[in-house]
Amino acid sequence: MTNESFRVGLTRDLLTGAGEPSFGTGALDVLNQTPGISWEFIPEAVAAITPELTARYDAIYVNTPRVGADAFGSEAPRVKIIARHGVGYDSVDVPAMTARGVLVTNTPAAVRRPVATMAITFVLALAQKLMTKDKLTRTGRWNDRNDHMGQGLTGKTLGLVGAGSIGLETLRMARAFDMRMLAADPFGNADVVQAAGGTLVGLDELLAQSDFVVVACLLNDDTHHLVNAERLAKMKRSAYLINVARGPIVDESALVAALRAGEIAGAGLDVFEQEPVDPSNPLLTMEQVIVTPHSLCWTDECFDAIAHSGLGAIVDMSARRRPQYVVNRDVLADERVRDWFDPG
Ligand SMILES: NC(=O)c1ccc[n+]([C@@H]2O[C@H](COP(=O)([O-])OP(=O)(O)OC[C@H]3O[C@@H](n4cnc5c(N)ncnc54)[C@H](O)[C@@H]3O)[C@@H](O)[C@H]2O)c1
């Protein structure tokens, strides 16, 4: 059964500069082919979802705008689902959505391989000194290449902070390099980590032994500044820190200090404490640091898969089917949600 007037709004930050969907047009067929759905890119560019928008749409497909408790007015909202274009949902106040009977969905399967590929891209680029050698070649410093020897990976240690979907995929993909592989995750399963080719250890052991530390855990109150000055000091001076997860997991001032003091060799960062990154951020001037604008994993393949999954969740909701990836599963017990799925 479909609802004849199921209205979907997609946030405008999903459009390219030329006004085209950044995820291609293939995934929009998912909406176009579903009777009863009408959709549009939300006319307003917003930094946060407003009560006006949760009153206008049944479903909001959201990329970067924040979705907080202030997304609602005093009336019961029309919105039934906030579908995140991606896996992270720290921009969404999940308890506030649950309190309003609104489902929050994400797309974990779609980003697993692309983000793991990004982590390995950083490992390879740092180990091979890719950016430095690019610069030598462009600036007439060809003969300086002896001074910029890279690191072979065979027998080196790769440490994943977080053995979830992306952490485990990174281990599986990195197997080809014959590295020793470790993972630290208080909720990790040693057998699952082992099946991916790694060994589950404590964070301190991982930091002390790894040549490449990859941050791939969730951002929450416990992991905020998990990688701080004290933990950076436990790393080898020759080691690299890579963050593909969320900026605030790493204390950026402590990272800058550790890099300046030579306590670690360098870093690969896709994410920052403040995004967009402040142009005066000292990390941007450090030769031993590779930076990307929270988008190294963005490819046609990645965005098409994300949009198929995320918009598919909205189609499921419109057809009164439970979407596969519901972040706030407790909301499914809410009477308003039960009535939606089973109107009797
Ligand atoms: N840069 C990007 O474009 C991008 C894209 C997608 C996801 N991400 C981020 O990647 C991260 C991982 O995503 P995922 O899909 O693997 O999530 P996931 O939920 O599958 O895995 C996260 C893991 O973090 C672990 N964890 C929680 N607290 C921890 C702690 N104190 N120490 C170590 N591990 C801890 C959890 O137990 C879990 O296994 C998230 O932060 C997500 O936001 C970034």
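How each quantity is defined
- Residues numbered from 1 in each chain as written.
- Predicted model: local features only at pLDDT ≥ 70, side-chain atom pairs only at ≥ 80, totals over all residues.
- Heavy atoms only, no water.
- Domains from an automatic or database assignment.
- Buried area = accessible area lost by both parts, 1.4 Å probe.
- Salt bridge = Lys/Arg side-chain N within 4 Å of Asp/Glu carboxyl O.
- Polar contact = N/O pair within 3.5 Å; in protein donor to acceptor, adjacent residues only side chain to side chain.
- Helix = DSSP H or I, 4+ residues; strand = E, 2+ residues; numbered from the N terminus.
- Pairing = 2+ DSSP bridges.
- Axes fitted to C-alpha atoms, helices over the stretch in contact; angles between N-to-C directions.

J.: Give a detailed account of the domain arrangement of the chain, specifying residues and quantitative values.
T.: Interface size is often expressed as the accessible area that is lost when the parts come together. Segmentation of the chain into domains returns domain 1 (6–106 + 299–341) and domain 2 (110–291). Its C-alpha centre places domain 1 at a distance of 32 Å from the equivalent point of domain 2. For the pair domain 1 and domain 2, the summed buried area comes to about 590 Å², and 69% of that belongs to carbon and sulfur atoms. Among the residues of domain 1 in contact with domain 2, Val87, Asp90 and Cys302 are the three that bury the most area, contributing 54% of the side total. Here domain 1 and domain 2 share one salt bridge between them. Its salt-bridge partner being arginine 246, residue aspartate 90 comes within 2.9 Å of it at the nearest N-O pair. Between domain 1 and domain 2 we count one residue pair in polar contact (both at pLDDT 80 or more) in total. Looking at the side of domain 1 that touches domain 2 element by element, the count peaks at three residues for helix H11 (residues 300–318).

J.: Account for the sheet that holds strand E4 (residues 81–84), with residues named and values stated.
T.: Pairing is parallel across the open sheet formed by five strands, whose spatial order is E2-E1-E3-E4-E5. The open sheet is flanked by strand E2 (37–41) and strand E5 (103–105), the only strands paired with a single partner. Each adjacent strand pair in this sheet contributes to an overall mean axis angle of 15°, direction not counted. In the sheet, E4 pairs with E5 via three bridges, with the strands oriented parallel. Counted as the bridge partner of isoleucine 82 is valine 104 from E5.

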